Amino acid sequence: MELKVTTLAGADAGKLEISEAIFGLDPREDILQRVVRWQLAKRRQGTHKVKGRAEVARTGAKMYKQKGTGRARHHSARAPQFRGGGRAHGPVVRSHEHDLPKKVRALGLKHALSAKVKASQLIIIDDLAASDAKTKAMIENFAKLGLTNALLIGGAELDNNLQLAASNIPNVDVLPIQGINVYDILRRHTLVLSKAAVEALEERFK
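Predicted model, so just to flag it, every value in this text is computed and none were measured.

1. Some thoughts on the layout of surface pockets
- When its volume is computed, the largest pocket comes out at roughly 230 Å³.
- Breaking the lining of the largest pocket down by element, the ones donating at least two residues are α2 (29-43) and α3 (102-118).
- The biggest single contributor to the lining of the largest pocket is α3, with 4 residues.
- Across the lining of the largest pocket, the residue classes tally to 7 nonpolar, 3 polar and 3 charged.

2. So, the sheet that holds strand β5 (residues 172-175)
- Read from one edge of the open sheet, 6 strands run β2-β1-β3-β6-β4-β5, paired in mixed fashion. The open sheet terminates on both sides in strands that have one partner only, identified here as β2 (12-17) and β5. Taking each pair of neighbouring strands and ignoring which way they run, the sheet shows an average axis angle of 30 degrees.
- Here strand β4 (residues 150-153) runs beside β5; their pairing, made up of 4 bridges, is parallel. Within β5, the residue paired with Ala150 across the bridge is Val172.
- Against the sheet, α3 makes contact with β3 (122-125) and β6 (190-194), and its axis sits at roughly 110 degrees relative to β6, the strand it touches most.

3. What to know about the environment of Ala129
- Its location among the elements puts Ala129 in the loop between β3 and α4 (135-145).
- With 119 residues separating them along the chain, Ala129 and Gly10 place their C-alpha atoms 13 Å apart.

4. Considering the pairing of β2
- Bridge count between strand β1 (residues 2-6) and β2: 4 bridges; the pairing is antiparallel. Note that in β2 the partner of Thr6 across the bridge is Asp12.
- Between the end of β1 and the start of β2, which pair antiparallel, lie 5 residues, with Gly10 showing a positive phi angle near 95 degrees.

5. Side note on the pattern of salt bridges
- Considering all chains together, one arrives at 7 salt bridges under this definition.
- Among the salt bridges present, the one from Lys118 reaches Asp26, with a minimum N-O distance of 2.9 Å. Taken together, the residues span a long stretch of sequence, with Lys118 in helix α3 and Asp26 in the loop between α1 (20-23) and α2 at a distance of 92 residues. Here Lys118 matches Asp26 in class, with each residue exposed.
- A salt bridge links Asp173 to Arg187, with the shortest nitrogen-to-oxygen separation between them at 3.1 Å. Placement of the pair is Asp173 in strand β5 and Arg187 in helix α6 (residues 182-187), with a sequence separation of 14 residues.
- By relative accessible area, Arg187 is classed as partly exposed at 39%.
- Ionic contacts of the salt-bridge type, sharing partners, join the residues Asp173, Asp184, Arg187 and Arg188 into one network.

Rules and cut-offs
- Residue indices follow the written sequence of each chain, beginning from 1 at its first position.
- Where totals are concerned, whole chains, interfaces and linings use all residues; where local detail is concerned, this predicted model gives features only for residues with pLDDT of at least 70, and gives and counts side-chain atom pairs only at 80 or more.
- Heavy atoms from the whole structure form the basis of all side-chain values; hydrogens and water molecules are not counted.
- Lining residues are those with an atom within 4 Å of a point, where the points come from a 1 Å grid over the protein atoms alone and group into cavities, where a 1.4 Å probe fits but cannot get out, or pockets, open sets with protein on both sides within 12 Å along at least five of seven lines.
- Grid points are joined across faces, edges and corners, and a volume is the space filled by probe spheres set on the points.
- Secondary structure counts use DSSP, requiring at least four H or I residues in a row for a helix and at least two E residues in a row for a strand, with both numbered from the N terminus.
- All amino acids are sorted into three groups, where Ala, Val, Leu, Ile, Met, Phe, Trp, Tyr, Cys and Pro are nonpolar, Asp, Glu, Lys and Arg are charged, and the leftover types, Gly among them, are polar.
- Whether two strands pair comes down to DSSP finding at least two bridges between them.
- Between the N-to-C directions of two axes lies an angle of 0 to 180 degrees, each axis being a line fitted to C-alpha atoms and, for a helix, fitted only over the stretch in contact.
- The criterion used for residue contact is that any of the two residues' heavy atoms lie within 4.5 Å.
- Within this document, salt bridges are pairs made up of a side-chain nitrogen of Lys or Arg and a carboxyl oxygen of Asp or Glu, the two lying within 4 Å of each other.
- In this scheme, a residue with accessible area under 20% of its type's maximum is buried, one over 50% is exposed, and one in between is partly exposed, where area comes from a 1.4 Å probe on protein chains only.

Structure representation (structure tokens):
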């Protein structure tokens, strides 16, 4: 499969042969959904917490005598049915992580890349580097490429000028190839890969 390569300024820079096994799959929404769910579950803090009846600061003495009052039989005021009592079955501090096989994770990334190719939302840039860290110049370059909502993936080392110039632009994320992930690919409209990123992906999935 051949895709057109452009420069950051929008000029033509030839063509690049990309792997069908990575970029040419028929995207499966179920696999993408599993990987995104796994990613978001890992990101959750899980620090939500309420006090149970054993933790509230309240007397444990019997509220009133068992018989002769005409009222229901109660013991501790810490019980959940009372105001100020402990919460029954409330949230506790825990991890929300769950396992997902490595093969499914790898397949999810391939399907996300293939989905962008199929939707014509993938742009390949010959070199993701900027001559200076000017946000205004970067916005002009993005306008030439038609980018308003994009994820830019560079090589192992990101160009510092590019990072600084793009950091103030809303709806634009810049990541090194090590940080590529399904959730970030899908949450942005356009995926921009450098030639170095494409080579690294093909090397990774050999």
